[in-house]
Amino acid sequence: MNKSIYILEFKLFFRNSATWMGIILLILMGFAGLYFGKTFIEKQEQVITKAASLQKQQTRQNIAHFGNDIGLFFYHNKFSLANTPGAWAAFANGQRDVNPYLISVTMLGLEGQLYDTDLSNPLSLLLGKMDLSFVFIFLFPLVIIAFSYNLLSEQKESGIWPLLKAQTDKTFTIIWRKILVRLVVIFVLALLLMLVAGIYLQLPFDGTFATVMTLILLYLAFWFAVAFVAISLHKSSSFNASALIAVWVLLCIVVPASLNLLLTKKYPVPEALQNVINQREGYHEKWDMDKSVTMAPFFKHYPQLKKYPFPEEKTFSWYWYYGMQQMGDDSALGSRVLIEKKLASRQNFTETVALFFPSIQLQLGVNELAGTDLDSHLNFQQAVRKYHETIRLHFYPAIFTNGELKNTDIENYKLEKYVPKDVPVIWINLLSITTLTVILAGVGYFSLRKRI
């Protein structure tokens, strides 16, 4: 009996043309999100591949032009580190469209080079990139609203509800059955798109896949709980639709935008400009000072380099010049640390506020798993700093002893790829969405029970 009733509910649900419109819309937009997300990452991978070839080509050209002056060669030659996209980056592009994923640096001061990036159209940055995570975060809730807003109100407005109440005392079961049918359809669509994503994007079906899938299903369940609360109020269809759309606008647009403005005001970063000023002043002012002002702190920073003879009698030497460059970075150390602390504070504040907003939780969680969030970019910057330091210490001896370039291993250097090793844990995201969903479902349950 129960089985036949559910079959009847599914038939009634699929008899509505709006149902098919919603399903087709989600499938089409899901496929579009997969295509655009993958295309965006493929372009970045093509740039990284081309950069690797260009670095070798540029090194050969610099050897031909500046090979007789080792200091001048390293003044021009660039070394690149690429933040290679992981398998999930095509699923959730995150901040890879605004943060540089390929950084090329010379052996000069790092702080002035670290933030170089491609020029981008501000309008495209404002709109962001479309990927499958966008479809789940923004479009699925709209379709859930469209499927659910009038479950009870339509029955009342058509005069069917009084007849049902007169014939049975299980009216709550009727409403729950209708919600369950819609929940099953949405979950099946989500699972279908995730399966297609796994095949199309070549995602490994591992713990990360299961975590992302669980996070998405919990998020969709949250929106059903929101719709359940609206239904339980026994208001008209127009009221339910307006209220649910207002909630969607609030959670998906207003709150994230307001949070961004609040972060900018609460944690301003004037140190960013000061960092550049400190780095440039720390370097340029050394031209007019005694060489000891540069070399004394430089040798304190790198005591192992003091063994190389310093040509004090010369007006200019690459030894002194690269020492000035390092002093520029050292002068900017204080402002750099302040920037990192401000960005870490922003991230912590965002994660705390997001505990109450599942749309932000899903975005943060998926981006973190995909390695496309702010923390991943900050870790990449730290990797660039370590890479730059390694190159400097490797070639300093040859430069400071005025060695010959042919005796170095410069031609063996190629573009390096940064691959994060840590696997993020997002249990707090799962717990937050689960808690909010259970609370709203409970509110809807008792509210509907009270009014039926």
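Parameters at a glance
Residues numbered from 1 in each chain as written. Predicted model: local features only at pLDDT ≥ 70, side-chain atom pairs only at ≥ 80, totals over all residues. Heavy atoms only, no water. Helix = DSSP H or I, 4+ residues; strand = E, 2+ residues; numbered from the N terminus. Rg over C-alpha atoms; globule rule 2.2 N^0.38 Å. Buried < 20%, exposed > 50% of the residue type's maximum accessible area, 1.4 Å probe, protein only. Contact = heavy atoms within 4.5 Å. Areas by Shrake-Rupley, 256 points an atom, 1.4 Å probe, with all protein chains shown as cover. Lys, Arg positive; Asp, Glu negative; His and termini not counted. Charge placed at Lys NZ, Arg CZ, Asp CG, Glu CD. Salt bridge = Lys/Arg side-chain N within 4 Å of Asp/Glu carboxyl O. UniProt positions renumbered as here; feature names shortened; annotations may be inferred. Phe/Tyr/Trp six-rings, centres within 6.5 Å; stacked < 30°, edge-to-face > 60°. Lys NZ or Arg CZ within 6 Å of the ring centre and 35° of its normal.

Trainee: Before we go on, may I ask you to explain the overall build of the protein chain in this structure?
Mentor: Each helix and strand in the protein chain was counted, giving 17 helices and three strands. What you see for the protein chain is a C-alpha radius of gyration of 29 Å, clearly larger than the 22 Å of a compact globule of 452 residues, by over 25%. Relative to its 452 residues, the protein chain shows a buried fraction of 47%. Counted over contacts in the protein chain with a minimum sequence separation of 6, partners at least 24 positions apart contribute 84%. Surface accessibility of the protein chain: about 23100 Å² in total, with carbon and sulfur atoms responsible for 62%. Here the protein chain contributes 41 positively and 33 negatively charged side chains, and the mean placements of these two sets differ by 12 Å.

Trainee: In this structure, what is going on with the pattern of salt bridges? I would like to understand it.
Mentor: A side chain of one charge can pair with a side chain of the opposite charge if their charged atoms are brought near each other. Under the defined criterion, the tally for this structure stands at six salt bridges. Between Glu-9 and Lys-178 there is a salt bridge, with its nearest N and O atoms 3.4 Å apart. Taken together, the residues span a long stretch of sequence, with Glu-9 in helix α1 (residues 2-15) and Lys-178 in helix α8 (residues 171-200) at a distance of 169 residues. A relative accessible area of 9% places Glu-9 in the buried class. Its salt-bridge partner being Lys-406, residue Glu-404 comes within 3.4 Å of it at the nearest N-O pair. Of the residues examined, Lys-406 reaches a relative accessible area of 69% and is grouped as exposed. Members of the salt-bridge network, linked through shared partners, are Glu-9, Arg-177 and Lys-178.

Trainee: What is the right way to look at unusual backbone geometry in this model?
Mentor: Of note, His-234 is a non-glycine position whose phi angle comes to about 60°, a positive value. Mapped onto the elements of the fold, His-234 is located in the loop between α9 (207-232) and α10 (237-266). At Asn-402, a position not held by glycine, the phi torsion is positive, near 55°. Position of Asn-402 relative to the elements: it lies in the loop between α16 (374-400) and β3 (416-418).

Trainee: What is the right way to look at the UniProt feature "transmembrane region" (unreviewed entry) in the protein chain in this model?
Mentor: Residues annotated in UniProt with the feature "transmembrane region" (unreviewed entry) correspond here to residues 12-36, 132-152, 179-203, 209-231, 243-263 and 425-448. Helix and strand shares over residues 12-36 are 96% and 0% respectively, and the end C-alpha atoms of the span are 35 Å apart. Span residues 179-203 is 88% helix and 0% strand, its end C-alpha atoms 32 Å apart.

Trainee: Hey, could you run me through the packing of aromatic side chains in this one?
Mentor: Within a pair of aromatic rings, the relevant descriptors are the distance that separates the centres and the angle that separates the planes. Evaluated as defined, the whole model comprises 41 aromatic pairs. Centre to centre, the rings of Tyr-219 and Trp-223 are 6.5 Å apart; their planes meet at 80°, and the pair counts as edge-to-face. Note that Tyr-219 and Trp-223 are positioned in helix α9 at a spacing of four residues, about one turn of the helix. On the basis of relative accessibility, which here comes to 0%, the residue Tyr-219 falls in the buried class. Measuring from centroid to centroid gives 3.9 Å for Tyr-319 and Phe-400, while their planes differ by 5°, and the two rings are stacked. Here Phe-400 lies in helix α16 and Tyr-319 lies in helix α13 (residues 318-331), a separation of 81 residues in the sequence. Residues Tyr-319 and Phe-400 agree in their burial class; the two are buried. Above the plane of the ring of Tyr-200 lies Lys-38, whose end atom (NZ or CZ) is 4.3 Å from the centre. In this structure, Lys-235 is placed above the aromatic ring of Phe-239, and the distance from its NZ or CZ to the ring centre is 5.8 Å.

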